[in-house]
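Spelled out from the first residue to the last, the chains are:
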Amino acid sequence: MADENPPPTEAAASPDIPRNPQYLTLDDTIEHCIGELGWSQLLQAILISFAWFFDAQQAFISVFTDAQPKWSCKHSSDSCNNNANVCKLPRNSWEWDLPAFTSTVSEWSLECANPIIIGLPASSFFTGCLVGGFALATLADSTLGRKNMLVFSSLVMSLSGVLAAVSTNVWMYVAFRFVCGFGRASIGTCALVLSTELVGKNWRGNAGIMGFVCFGLGFLSLPAEAYLLRGYSWRLIYLCTCVPSLFYSVLVYFAAQESPRWLFIKGRKEEFVQALRSIAESKKRSRLTESFFHETVNWEEEVQERDIYSAMKMLLNKGWAVRRVAAVMAAGLGIGMIFYGMPLGLGNLSFNLYLGVMLNALSEFPSSFLTFFLIGKLNRKSSIVGLTLLSGICSVACVLVKWKKIKMGLEAVSFFSASTGMNVLLIYALELFPTCVRNSAVSMVRQAVVLSGVLSPVLVAAGKHNGLISYGVFGVTIVLCGLIVIWLPETKGRTFCDTMDEEEKREE
């Protein structure tokens with residue numbers, strides 16, 4: 001590689017790369033090489049962020065595949081009417097409006113099963129997310145890296161989704177949904193961290209929000225696909241969402257770039273240089289050699305442990321890190337109650353299911369765009385507290401208000417506030433932790449959100465006849481959990497730290 005080194009006069013003549021710069025931070029070094037946001041960085045960020053599209057589809061697919069279809073009496077009578085409890089009617093007195101294979105509930109006759117059984121597939125998926133999040137999170141920080149972890153997770157999620165489509169009974173279906181959740185656990189986190197580490201510090205918030213926009217697109221695509229496939233088997237919905245995800249996984253493997261920042265702190269010098277060369281503009285590539293970086297930064301000071309549990313150990317060995325993780329996880333738990341519970345509980349509010357889910361999905365876009373344009377100005381803590389308070393009040397009001405249109409409006413505002421709060425919380429979590437543990441910390445926040453996803457389906461099923469059991473609990477939980485971030489430091493306008501020591505000095 002020595003023959004690629006430019007002569008000193010050539011390097012000095014470049015206005016973009018200073019000659020022999022001393023004591024540059026990793027942020028400054030990377031930005032000297034690839035800039036704040038070039039076309040290559042933008043395309044990489046968009047490609048990686050699109051993982052959120054498939055993530056959203058699998059997160060909410062059970063809203064349609066596991067919904068209880070509408071039914072009608074075969075012969076109207078005093079004992080059989082559409083307001084009656086179907087479980088108290090003779091089976092031969094009523095029938096499904098659509099073929100039984102349109103839903104898992106009707107195909108496997110789960111309409112009168114225990115609420116735990118009805119909510120089990122969705123709960124199993126989120127339990128898989130919870131287990132996978134803790135099992136896989138450290139791999140992205142330690143051995144596999146962001147890109148490989150994203151590809152692996154996407155493949156597992158997609159393949160298990162295809163297998164779920166061929167399930168012959170509810171228990172096989174529950175098992176595949178668990179595996180699907182296990183794979184899905186790290187997708188959003190890896191995509192968020194990787195996309196933000198490929199751009200300059202002034203564009204990180206915006207790059208992260210690209211993923212939220214893609215999540216909204218994926219969420220919105222579900223009611224459209226489900227509406228077009230109404231009357232067909234629920235299995236087709238899985239195939240239409242998981243097969244494209246398989247092709248996407250292959251595309252990411254060959255086209256996406258690993259985080260240069262992660263490669264650097266792992267001491268993988270040649271890969272670090274090659275990553276920056278592939279992202280940089282063509283006129284800068286010839287000057288980006290290992291010799292340039294040896295003059296710019298001290299490699300040895302940045303190399304971190306390679307133990308797969310090193311990131312978790314570093315987090316748990318620092319009191320300030322434990323406090324931050326606990327607080328943002330608590331906030332995530334509260335926000336997740338609304339974020340996952342609201343769409344799952346739409347059927348309990350007597351809404352048109354397709355319209356209700358579409359409104360929730362559409363609210364993702366103003367939420368994402370609002371965060372995109374205001375993230376540079378938003379105070380993180382006060383924004384989270386205000387949004388969770390508004391969401392909680394509207395959630396409880398959904399149960400107390402009797403007018404359907406007002407109830408639908410309150411539900412939309414509650415979900416919009418929780419969605420925006422989720423966006424701000426994830427950006428906040430990115431800024432609270434250094435590079436060496438960032439993926440693990442953000443993953444733990446998402447696992448707290450997922451824990452709410454485990455509980456929400458059961459609360460929704462139990463609250464079918466009493467909304468306070470579901471929406472009331474959702475509202476109270478998000479308000480109490482959102483208040484906890486008051487005790488965290490504000491991160492608005494701060495640069496990223498790369499090591500625990502840097503962050504600790506800032507904390508002091």
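Residue positions are given per chain, counting from 1 as you read along its sequence in written order. Restriction of local features to residues with pLDDT of at least 70 applies here, the model being predicted, together with a cutoff of 80 or more for giving and counting side-chain atom pairs; totals for whole chains, interfaces and linings are based on all residues. Side-chain measures here rest on the full set of heavy atoms in the structure, leaving out hydrogens and waters.

A. Fine view of the overall build of the chain. A tally of helices and strands in the chain yields 25 helices and 2 strands. Of all 508 residues assigned to the chain, the portion counted as buried reaches 57%. Should any heavy atoms of two residues lie within 4.5 Å, those residues are counted as being in contact. Here the contacts in the chain between residues at least 6 apart in sequence split such that 82% fall between residues at least 24 apart. Accessible area for the chain stands at about 20,500 Å²; split by element, carbon and sulfur atoms hold 64% of it. Secondary structure elements are defined from DSSP: runs of H or I of at least 4 residues count as helices, runs of E of at least 2 residues count as strands, and each element is numbered from the N terminus. Three exposure classes are used, based on accessible area relative to the maximum for each residue type with a 1.4 Å probe and protein chains only: buried under 20%, partly exposed in between, and exposed over 50%. What sets the accessible areas is the Shrake-Rupley method with a 1.4 Å probe; for residues, cover comes only from the shown protein chains.

B. Representation of the packing of aromatic side chains in the model. Side-chain rings of Phe, Tyr and Trp (the six-membered ring for Trp) are treated as a pair once their centres are within 6.5 Å; stacked means planes under 30 degrees apart, edge-to-face means over 60, and tilted covers the remaining angles. Within the structure shown, the criterion is met by 22 aromatic pairs. For the ring pair Phe50 and Phe54, a centre distance of 5.7 Å and an interplane angle of 80° mean the geometry is edge-to-face. Looking at Phe50, the relative accessible area reads 29%, which means it is partly exposed. Taken together, the ring pairs connect Trp52, Phe60, Phe212, Phe215, Phe219, Phe339 and Phe415 into an aromatic cluster. The side chain of Lys147 reaches across the aromatic face of Tyr253, ending 5.5 Å from its centre. Here, a charge over a ring means that NZ of Lys or CZ of Arg falls within 6 Å of the ring centre while also lying within 35 degrees of the ring normal.

C. Quick look at the nonpolar core. To qualify as a nonpolar core, a set must consist of buried Ala, Val, Leu, Ile, Met, Phe, Trp, Tyr and Cys residues joined through side-chain atoms within 4.5 Å. Within the largest apolar cluster, 125 residues are counted, with the highest numbers of intra-cluster contacts made by Trp52, Phe60, Leu150, Leu315, Leu426 and Phe433. Per-element accounting of this core gives the leading share, 13 residues, to helix α19 (residues 319-344). Discounting residues that sit within four places of it in the chain, Trp52 has contacts with Gly188, Ala191, Leu192, Gly211, Phe212, Cys214, Phe215, Leu426 and Arg446. Listed in part, the 7 residues of the second largest apolar core include Cys73, Cys80, Val86 and Leu89.

D. The arrangement of the environment of Ala255 in detail. Mapped onto the elements of the fold, Ala255 is located in helix α12 (residues 234-255). Judged by relative accessible area, Ala255 falls into the partly exposed class, the value being 36%. Taking C-alpha positions, Ala255 is 8.5 Å from Leu47, a pair spaced 208 residues apart along the chain. Here Ala255 is in contact with Gln44 and Leu47, once residues within four sequence places are set aside.

E. A look at the environment of Trp94. Among the secondary structure elements, Trp94 is positioned in strand β2 (residues 94-96). Among residues more than four places away in sequence, those in contact with Trp94 are Trp71, Ser72, Cys73, Lys74, Val86, Leu89 and Glu111.

F. Region of the structure containing the packing of helix α8 (residues 145-164) against helix α10 (residues 187-197). Fitted lines through C-alpha atoms serve as axes, helices being fitted only where they are in contact, and the angles separating the N-to-C directions of these axes extend from 0 to 180 degrees. In contact at an axis separation of 9 Å, α8 and α10 are set at 150° when each is read in the N-to-C sense. When the interaxial angle is binned, α8 and α10 end up roughly antiparallel. Between α8 and α10 the crossing geometry is left-handed. Residue-level inspection shows Arg146, Lys147, Met149, Leu150, Ser153, Ser154 and Met157 of α8 in contact with α10, the latter providing Ile187, Cys190, Ala191, Val193, Leu194 and Glu197. Think of it as three bins: nonpolar holds Ala, Val, Leu, Ile, Met, Phe, Trp, Tyr, Cys and Pro, charged holds Asp, Glu, Lys and Arg, and polar takes everything else, Gly as well. In terms of residue class, the contact of α8 with α10 is made up of 8 nonpolar, 2 polar and 3 charged. Just so you know how the angles are binned, under 35 degrees is roughly parallel, over 145 roughly antiparallel, 65 to 115 roughly perpendicular, and the rest oblique. Here a crossing is taken to be left-handed if its near helix is turned anticlockwise relative to the far helix by less than a right angle, and right-handed if that turn runs clockwise.

G. Just the pattern of salt bridges, in detail. Salt bridge criterion: a side-chain nitrogen from Lys or Arg within 4 Å of a carboxyl oxygen from Asp or Glu. According to the stated counting rule, one finds 6 salt bridges in the structure shown. Here Arg184 makes a salt bridge to Asp55, at a shortest N to O gap of 2.8 Å. In this pair, Arg184 is assigned in helix α9 (residues 170-184) and Asp55 in helix α4 (residues 51-60), connecting sequence segments 129 residues apart. For the pair Arg184 and Asp55, one class covers both residues: buried. Residue Glu197 pairs with Arg438 through a salt bridge whose shortest N-O separation is 3.1 Å. One end of the pair, Glu197, is in helix α10; the other, Arg438, is in helix α23 (residues 435-462), with 241 residues separating them in the sequence. Salt bridges sharing partners connect three or more residues here, namely Asp55, Arg184 and Arg446.

H. A look at a nonpolar patch on the surface. A contiguous nonpolar patch, built from Tyr232, Leu236, Leu239, Val243 and Phe247 and spanning about 480 Å² of accessible area, is present on the exposed surface. Along the chain, the position of Val243 falls in helix α12. What goes into a patch is any residue over 30% in relative accessible area without a salt bridge, connected to like charges within 9 Å or, for nonpolar side chains (Val, Leu, Ile, Met, Phe, Trp, Tyr), within 5 Å.

I. Structural context of the environment of Val473. Inspection of the secondary structure puts Val473 in helix α24 (residues 471-482). Here Val473 falls in the partly exposed class, since its relative accessible area comes to 31%. Once the C-alpha coordinates of Val473 and Ile338 are considered, the two residues, 135 residues apart in sequence, prove to be 9.6 Å apart.

J. Molecular detail of the packing of helix α3 (residues 39-49) against α12. The contact between α3 and α12 brings their axes to 10 Å, and the two run at 150°. Taken as axis vectors, α3 and α12 run roughly antiparallel relative to one another. Considering how the two elements wind past one another, α3 and α12 form a crossing that is left-handed. Every residue of α12 that contacts α3 at Gln44, Leu47 and Ile48 is listed here: Tyr248, Leu251, Val252 and Ala255. Residues belonging to the contact of α3 with α12 are distributed by class as follows: 6 nonpolar, 1 polar and no charged.

K. The state of the cysteines, seen in detail. The term disulfide is used for any two cysteine sulfur atoms that are within 2.5 Å. With the rule as written, the count across this model stands at 0 disulfides. Here Cys180 stays unpaired: no disulfide links it, and the sulfur of Cys242, its closest cysteine neighbor, is 5.8 Å away.

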